[in-house]
Amino acid sequence: MARRETAILRRLTVRMVIAMAIAGVIAAYYATRLENTYRARALIMLAPLPLEQTDEVPSNIAAMLDPTRRVNYVKVQMAEALAMPDYRLILTSDEIVARLRDVLQERYREAGIDSGRLSLENVGRALEVRSRVHLQTPLEIQYQQVVELLVTAKDPKVAADAANAWAEMGIEMAERMRTAAGKTTAAFLQERYDALWTEYAAVRDRLETLDQSLDIAALEERLAEHERAITRQQLRQAELARASEERAAADTTLKTLSASASALRAELARAKREREALEISIRAYTQQLDELGVSLHAARVAAADTIPEFKIVSRALPPEERHAPRRSLYVVVAVFLAATAVPVHLFGMIALRRYAQSLEAGAHGAA
C-alpha cells in the first residue's frame, strides 16, 4: 500500500512539475507578445457654475391682486455645483471620446506607432474619471473638488498628451455650458425688460395724453370760480327774498351754476382717479425696471466672465513605468492554475477508476 501511495505521489509530482513548466512557458510567451500600456494622469478642479435665477417675492406683494404692484424679484447668484456623476457623464460623453480618438490617432501617427483599432468603445475604456468621497452622510455625499483624469495608451508621451487634451476639452465643454446658461439668462431678462419697458411707455403716453386733454389745474380753477359764483348767487337770493321775479331768475342762475359745478366736480374726480392710477402703474413699472436692470447687468457680467468652471491643477507628464501588462503575474497565475489542476485531475481520475471497479465488482457478485 505504501508503495502504491509513493508511486501516486511521485507521479503527481512529475506531472505537476511538467504542467507548471509548460503553463509557465506558454504564459511567458503570451505575456511577451502583449503590448506595453502606460497610464498618464491630469488633475482638474471643479468649480460651480456662476448663474442661477430665483423668483423670491415677499408674501405681502405676492398676495396683491393688482399685477402692476408685483415687482420683479429675479436675482442672479452662484449656482450649485453639479453632482459628480453628472461631471463623469460630461467628461466621458461621446463628443469628447470622439475628439480624444482623433488626438490619439494623430499622436500615434506622429510617433510612428500603429494605433490599431481605435473605436469609440476602446477609447472610452481607456479613460477613467476618478474622484474621492470627502463626506458621506445618510442624506448626501460630498466629493472632493479635485478630479483625476486617467488615460491609458501604448506610449507614455501619447498618454500624457491625451490626458492634457482631455482636461482642456473638459474646460472647453464647461465653458460652453456656462456661456449657454449665461446667454439664456441674459436673453430671458432682456426680453422681460423690453416687454416691461413697452408697457411702461404705453402707460406714460396715456398719462401725457390725459394731461394734455384735461388740465386738472384749470378744472380746479373753474370749479373754484363756480363755487364763488354760487356763493354770490346765494347771497343775492337772500337779499331778494321779497322780489319774486328777480328771485325766480336768481334761482334759475343758482341751479345752472350748481349743475355746472357738479359736472366739474365729477370730471375733476374722474381725472384725478385716472391720473393717480396711471402714476401708481408708472411707479410700479419703474421699480420693476430697476430690479430687472440690476439682474440684467449681473447676468451680462456673469456671461462675459471668462473664468472657466474646470481648472487644471496639474498637467500630465509621460509616465516612466508601464501600467500593464504585469507579465510576471501572468506567469504566476498560470503556474498556480497548473499546480492546482494537476492534482485535481489525477485524484479525480483515481476516484473515477475506483468507482468503476466497485461497480464492476458489484455486477459480478449479483451475477
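For the structure itself, consult the block above.
A separate point is the environment of Leu-289. Mapped onto the secondary structure, Leu-289 falls in helix α8 (residues 244-304). Taking C-alpha positions, Leu-289 is 7.2 Å from Trp-197, a pair spaced 92 residues apart along the chain.

To continue, consider the sheet that holds strand β4 (residues 127-130). One open sheet holds the four strands; their spatial order is β4-β7-β1-β8, and the pairing between them is antiparallel. Strands at the two margins of the open sheet, each flanked by one partner only, are β4 and β8 (310-314). Across the sheet, the mean angle from the axis of one strand to that of its neighbour is 30°, orientation sign disregarded. Inspection of the sheet shows β4 paired to strand β7 (residues 146-153) by four bridges, in the antiparallel sense. Along β7, the bridge assignment pairs Glu-128 with Leu-150. The strands touched by helix α3 (residues 84-91) are β1 (38-46), β4, β7 and β8; relative to β1, the strand with the most contacts, the crossing angle is about 125°.

Now for the nonpolar core. Among the nonpolar cores identified, the biggest contains 36 residues, and Ile-44, Leu-100, Leu-104, Leu-149, Trp-166 and Phe-310 are the most heavily contacted of them. Within the residue set of this core, elements represented by two or more residues are β1, α3, α4 (94-111), β4, β7 and α6 (156-213). In terms of residues, this core owes the most to one element, α6, which gives 12 residues. Leaving out residues up to four positions away in the same chain, Phe-310 has contacts with Ile-44, Met-45, Leu-46, Tyr-87, Leu-91, Gly-170, Ile-171 and Ala-174. Residues Leu-189, Tyr-200, Leu-210 and Leu-292 belong to the second largest nonpolar core, which totals 12 residues.

To continue, consider α4. Across its 18 residues, α4 extends 25 Å between first and last C-alpha, which sits within 8% of the 26 Å expected from 1.5 Å per residue. Considered for burial, the residues of α4 that qualify are Ile-96, Val-97, Leu-100, Val-103, Leu-104 and Tyr-108. Each buried residue of α4 lies within a common arc of 130° when the element is viewed along its axis, so the set occupies one face. Among the exposed residues of α4, those oriented more than 90 degrees off its buried face are Asp-94, Arg-109 and Glu-110.

A grouping of Arg-4, Arg-11, Arg-15, Arg-353 and Arg-354 is seen on the molecular surface, where their side chains present a positively charged patch. With respect to the helices and strands, Arg-15 occurs in helix α1 (residues 2-32). Arg-15 gets classed as partly exposed once you look at its relative accessible area, which sits at 36%.

Next up on the list: the packing of aromatic side chains. In the structure shown here, the tally under the stated rule is one aromatic pair. Residues Trp-197 and Tyr-200 carry aromatic rings whose centres are separated by 5.3 Å and whose planes lie at 45° to one another, so their mutual orientation is tilted. Pair noted here: Trp-197 and Tyr-200 are both in helix α6, with a separation of three residues, about one helical turn. Over the ring of Tyr-108 we find Lys-154, and its NZ or CZ is 6.0 Å from the ring centre.

Moving on, we get to the layout of surface pockets. The calculated volume of the largest pocket comes to roughly 390 Å³. As for the largest pocket, its lining consists of 19 residues, and the residues nearest its centre are Thr-37, Ala-126, Thr-152, Ala-153 and Lys-154. Listing elements by their share of the lining of the largest pocket, those giving two or more residues are α4, α5 (120-125), β4 and β7. Tallying contributions element by element places α5 first for the lining of the largest pocket, with three residues. Each residue belonging to the lining of the largest pocket can be placed in one class, and the counts come to eight nonpolar, five polar and six charged.

Below, the discussion takes up the pattern of salt bridges. Oppositely charged side chains are able to pair whenever their charged atoms sit close together. What the rule picks out here adds up to nine salt bridges. When the shortest N-O distance is used, the salt bridge between Glu-35 and Lys-154 registers 3.3 Å. One end of the pair, Glu-35, is in the loop between α1 and β1; the other, Lys-154, is in the loop between β7 and α6, with 119 residues separating them in the sequence. The shortest N-O distance in the salt bridge between Arg-99 and Glu-172 comes to 2.9 Å. Here Arg-99, found in helix α4, pairs with Glu-172, found in helix α6; they are 73 residues apart in sequence, far enough to count as distant. Within the structure, one salt-bridge network assembled from shared partners comprises Glu-106, Arg-107, Lys-157 and Asp-161.

Our focus in this paragraph is a nonpolar patch on the surface. There is a patch of nonpolar side chains on the surface, built from Val-14, Ile-18, Ile-22 and Ile-26 and spanning about 360 Å² of accessible area. Mapped onto the elements of the fold, Val-14 is located in helix α1. Given the relative accessible area of 43%, Val-14 is considered partly exposed.

Once that is clear, we can look at the environment of Gly-293. You can see Gly-293 is positioned in helix α8. You can call Gly-293 partly exposed: its relative accessible area is 27%. Spatially, the C-alpha atom of Gly-293 lies 8.5 Å from that of Leu-189, the residues being 104 residues apart in sequence.

Scoring rules and cut-offs
Residues numbered from 1 in each chain as written. Predicted model: local features only at pLDDT ≥ 70, side-chain atom pairs only at ≥ 80, totals over all residues. Heavy atoms only, no water. Helix = DSSP H or I, 4+ residues; strand = E, 2+ residues; numbered from the N terminus. Pairing = 2+ DSSP bridges. Axes fitted to C-alpha atoms, helices over the stretch in contact; angles between N-to-C directions. Contact = heavy atoms within 4.5 Å. Core = buried A, V, L, I, M, F, W, Y, C linked by side-chain atoms within 4.5 Å. Buried < 20%, exposed > 50% of the residue type's maximum accessible area, 1.4 Å probe, protein only. Expected span 1.5 Å × (residues − 1). Arc of directions from axis to C-beta. Patch = residues over 30% accessible without salt bridge, like charges linked within 9 Å, V, L, I, M, F, W, Y side chains within 5 Å. Areas by Shrake-Rupley, 256 points an atom, 1.4 Å probe, with all protein chains shown as cover. Salt bridge = Lys/Arg side-chain N within 4 Å of Asp/Glu carboxyl O. Lys, Arg positive; Asp, Glu negative; His and termini not counted. Charge placed at Lys NZ, Arg CZ, Asp CG, Glu CD. Phe/Tyr/Trp six-rings, centres within 6.5 Å; stacked < 30°, edge-to-face > 60°. Lys NZ or Arg CZ within 6 Å of the ring centre and 35° of its normal. 1 Å grid on protein atoms, 1.4 Å probe; cavity = no way out; pocket = protein on both sides within 12 Å on 5 of 7 lines; lining within 4 Å. Points joined across faces, edges and corners; volume = space filled by probe spheres on them. Nonpolar A, V, L, I, M, F, W, Y, C, P; charged D, E, K, R; others polar.

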